[in-house]
Amino acid sequence: MVEEQKVPENMVQPVVTADINARMATLKQQITSQKDLQPVVERIYPGKNSREVGDIIDNIHQNMDLQQAPTDLLPTSPKKKPGAQSGSGGGFYLTYTAANPREAQQICNELATLLVNENLKSVQAAASGTSDVLSRGLEDAKHNLDELDSKLAAFKKQYAGQLPGDEESNLKILMGLNTQLEANTQTLSRAEQDRAYTESMLAQQLGAWRSSQSSTNPQTLEKQLSELQSQLLQLQAKYTADHPDVVKAKADIAEVKKKLAEINSASTEATDAGSEKGSATEPPDIRQLRLQLHQYGELITAATRSQKRLQDEIATYQNRVALSPAVEEQFKALTRDYENQQKTYQELLTKKSSADLTVKMNNQSEGERMFLLDSASVPGSPSFPNRLLFAAGGLGAGLALGMALAMWFEFRDNSIRTEADAEAALELPMLVSVPWVGLAAAQNNGKGKFWNRNKSPDQPGEKVGV
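Within any chain, residue numbers begin from 1 and follow the written order of that chain's sequence. Residue-level local features of this predicted model are given only where pLDDT is at least 70; pairs of side-chain atoms are given and counted only at 80 or more, and the full residue set underlies all totals for whole chains, interfaces and linings. To get the side-chain values, take all heavy atoms of the structure and skip hydrogens and water.

A. Spotlight on the overall build of the protein. Each helix corresponds to a stretch of at least 4 residues labelled H or I by DSSP, and each strand to a stretch of at least 2 residues labelled E; elements are numbered beginning at the N terminus. When helices and strands are tallied, the protein shows 11 helices and four strands. Looking at the protein residue by residue over its 466 residues, the buried ones come to 27%. Carbon and sulfur atoms make up 54% of the accessible area of the protein, which totals about 31,400 Å². For every residue, the accessible area obtained with a 1.4 Å probe (protein chains only) is divided by the maximum for its type, and the residue is called buried under 20%, exposed over 50%, and partly exposed between those limits. Calculation of accessible area relied on Shrake-Rupley with a 1.4 Å probe; when residues are assessed, cover is drawn exclusively from the protein chains displayed.

B. Focus on the confidence of the model for the protein. Values of pLDDT, ranging from 0 to 100, describe the predictor's confidence in every residue of the model. Model confidence for the protein is summarised by a mean pLDDT of 77, while 78% of its residues fall at 70 or above. Here helix α11 (residues 439-445) is the element of the protein with the lowest mean pLDDT, 56, and helix α9 (residues 387-412) is the one with the highest, 91. Contacts are assigned to residue pairs that have any heavy atoms within 4.5 Å of one another. Within the model, the stretch residues 272-278 combines pLDDT values under 50 with 18 contacts to residues more than four positions away or in other chains. Note that residues 446-466 has pLDDT below 50 and, in this model, 27 contacts with residues that lie over four places away or in other chains.

C. Highlighting the packing of aromatic side chains. Pairing of aromatic rings covers Phe, Tyr and the six-membered ring of Trp, with a centre-to-centre limit of 6.5 Å; geometry is then stacked below 30 degrees between planes, edge-to-face above 60, and tilted otherwise. For the coordinates displayed, the defined rule picks out two aromatic pairs. For the ring pair Phe155 and Phe331, a centre distance of 6.1 Å and an interplane angle of 25 degrees mean the geometry is stacked. In this pair, Phe155 sits in helix α4 (residues 101-158) while Phe331 sits in helix α8 (residues 284-363), placing the two residues 176 residues apart along the sequence. Side by side, Phe155 and Phe331 carry an identical accessibility label, which is buried. Residues Trp408 and Phe409 carry aromatic rings whose centres are separated by 5.0 Å and whose planes lie at 65 degrees to one another, so their mutual orientation is edge-to-face.

D. Fine view of the pattern of salt bridges. Here, a salt bridge means any Lys or Arg side-chain nitrogen found within 4 Å of an Asp or Glu carboxyl oxygen. The final tally for this structure, using the stated rule, is seven salt bridges. With a shortest N-O distance of 3.3 Å, Lys142 and Asp146 are connected by a salt bridge. Pair noted here: Lys142 and Asp146 are both in helix α4, with a separation of four residues, about one helical turn. The partner of Lys248 in a salt bridge is Asp252, and the shortest N-O contact between them spans 3.1 Å. In this pair, Lys248 and Asp252 are both assigned in helix α7 (residues 244-269), four residues apart and thus about one turn of the helix distant. Overall, Lys248 belongs to the exposed group, its relative accessible area being 52%. Asp252 sits in the partly exposed class, given a relative accessible area of 24%.

E. Main features of the packing of helix α2 (residues 34-44) against helix α3 (residues 50-63). To get an axis, fit a line to the C-alpha atoms, keeping to the stretch in contact for a helix; angles then go from 0 to 180 degrees between the N-to-C directions. It is the contact of α2 with α3, at a shortest axis distance of 10 Å, that shows an interaxial angle of 110 degrees. Considering the angle they form, α2 stands roughly perpendicular to α3. Considering the relative orientation of α2 and α3, their crossing is right-handed. Between α2 and α3, the contacting residues are Gln34, Leu37, Gln38, Val41 and Glu42 on the first element and Val53, Ile56, Ile57, Ile60 and His61 on the second. Its residues assigned to classes, the contact of α2 with α3 shows six nonpolar, three polar and one charged. The scheme is simple: roughly parallel for angles under 35 degrees, roughly antiparallel for over 145, roughly perpendicular for 65 to 115, oblique for anything else. Crossings are classed by handedness, with left-handed meaning an anticlockwise turn of the near helix from the far one by less than a right angle and right-handed meaning a clockwise turn. Classes in brief: Ala, Val, Leu, Ile, Met, Phe, Trp, Tyr, Cys and Pro nonpolar; Asp, Glu, Lys and Arg charged; the others, Gly included, polar.

F. Region of interest: unusual backbone geometry. Of note in this structure, Glu427 is not a glycine but carries a positive phi near 60 degrees. Summarising the element assignment, Glu427 is placed in the loop between α10 (419-426) and α11. Residue Glu427 is classed as exposed on the basis of its relative accessible area, which comes to 69%.

G. Geometry of α2. Looking at α2, one finds that the buried residues are Asp36, Leu37, Val40, Val41 and Ile44. End-on view of α2: buried residues confined to an arc of 120 degrees, all on one side of the axis. Within this analysis, the arc is defined by the directions that extend from the helix axis to the C-beta atoms.

H. Just the side chain of Glu103, in detail. Among the secondary structure elements, Glu103 is positioned in helix α4. Charge counting follows a simple rule: Lys and Arg are positive, Asp and Glu are negative, and His as well as the terminal groups are ignored. Despite being buried, Glu103 has no salt bridge partner; Lys48 is the closest side chain of opposite charge, sitting 8.9 Å away. Excluding residues that lie within four positions of it along the chain, Glu103 makes contacts with Tyr45, Tyr96 and Ala98.

I. Representation of a nonpolar patch on the surface in the model. In this analysis, a patch consists of residues with relative accessible area above 30% that form no salt bridge, clustered at 9 Å for like charges and at 5 Å for the nonpolar side chains Val, Leu, Ile, Met, Phe, Trp and Tyr. Together, Leu401, Leu405, Trp408 and Phe409 line one region of the surface with nonpolar side chains, adding up to about 450 Å² of accessible area. Its location among the elements puts Leu405 in helix α9. According to the relative accessible area criterion, Leu405 is partly exposed, its value standing at 42%.

J. Up close: the pairing of strand β3 (residues 92-96). Only one face of β3 is buried: it carries Phe92, Leu94 and Tyr96, and the other face, with Tyr93 and Thr95, is open. Judged from the five bridges that link them, strand β2 (residues 64-68) and β3 form a sheet pairing that is antiparallel. In the strand pairing of β3, Asp65 is matched with Thr95. Note on pairing: two strands pair once DSSP finds at least 2 bridges between them.

K. How the structure looks around the nonpolar core. For our purposes a nonpolar core is just a set of buried Ala, Val, Leu, Ile, Met, Phe, Trp, Tyr and Cys residues, chained together by side-chain atoms within 4.5 Å. With 29 residues, the main nonpolar core has Met24 and Ile60 as its most contacted residues. If you list the elements that add at least two residues to this core, you get α1 (20-31), α2, α3, β2, β3 and α4. With eight residues, the top contributor of residues to this core is α4. With sequence-adjacent residues up to four places away left out, Ile60 is seen in contact with Leu37, Val41, Tyr96, Ile107 and Leu111. Residues Leu138, Phe155, Val327 and Phe331 belong to the second largest nonpolar core, which totals 16 residues.

L. Broad picture of the environment of Asn144. By the element assignment, Asn144 lies in helix α4. We classify Asn144 as partly exposed; its relative accessible area is 32%. A C-alpha to C-alpha distance of 9.2 Å links Asn144 and Gln342, two positions 198 residues apart in sequence.

Below you can see the structure in the form of structure tokens.
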């Protein structure tokens, strides 16, 4: 009896979906193999040599039969489920013919046991084999998925900002950078103009200030210092150090020296109009102009650096926009491969879970099950031959053969026995007929011979020739 699985197929797919008749044909070949039958033969027929065992196995091959039983003869006819395979359940008759009834019973039971055990092993092997294959496939799929994930991450890192979703933002950023560059260019141009104007104003202010400082010429001051020193020597010769004239002369000499030192310091610190740092003695207007000139220089330097940065960024984003189609094509191909591999991984994961559930179901005897419904019993009468049937058949065949031989001899007999036979044979009218003369009288009288027309004239026959 083959019982279908108890769990609905829409919840757990069966591990074996092949037609039951084809599976039974395969199982029949498996249980009649040398490997499976030899232990059975050695157990039933102990002491047999290898040649005798081989002969018995060949005899089993010839006398074993496995046929599907009609469903109306089964104890409980299984109802077909929607979408079920043809012949996915039912019963089978296993028969074995032998000269000895006990031998027929033993071998039939052994073959039935082998069939049930082999089916159980094949179902369990199919379930575990499917689970193992799916496990290896799942590992390979996960490895491939991890590789594609790493490639996708590296691609996103390499082409950050150039991916298909970044094209619109790149265009917006490029427009903003162009606007910034235009504003920066205007600022730089205005700062350069202001610096040029400030330089011209500084040159004018320095020229006016230096012309006003002509009275404090260093040469004049040195000459004045020399005169004051000579005058001081004359006064010191006449007066003491506390004399007012001496004190005044010393004060005048100190003031002239101070002016001379300031002029020398101013001449070394700022000698041209392009100098950014002026002397401490310069007027505040000139110092203010020098400060503005310094600020304009810093502004121009910063604007120049910003302009260079903006130009580099614009070139970068222009390159991103130009490469966007090629990057998008590569990204789509890589994403498509990743999605396909992820889909394959999910499908394998689902199948692996279903296969594990199927293995668990088979281990709990909830799957398809084959069991022995009726074991073989010792037959009370031989199935072959039927002696009464053979006797009746022999009698009928003998009668038919006898009748056929009689008719054959009758049709082949061309002897003339009556006047009608003679007329039919000669095709002439009968003029006279001689009555029958017995064999003994003919021999005693010696008046002629008798013969069969189909035999030679010298050979005695059954009829008298006319």
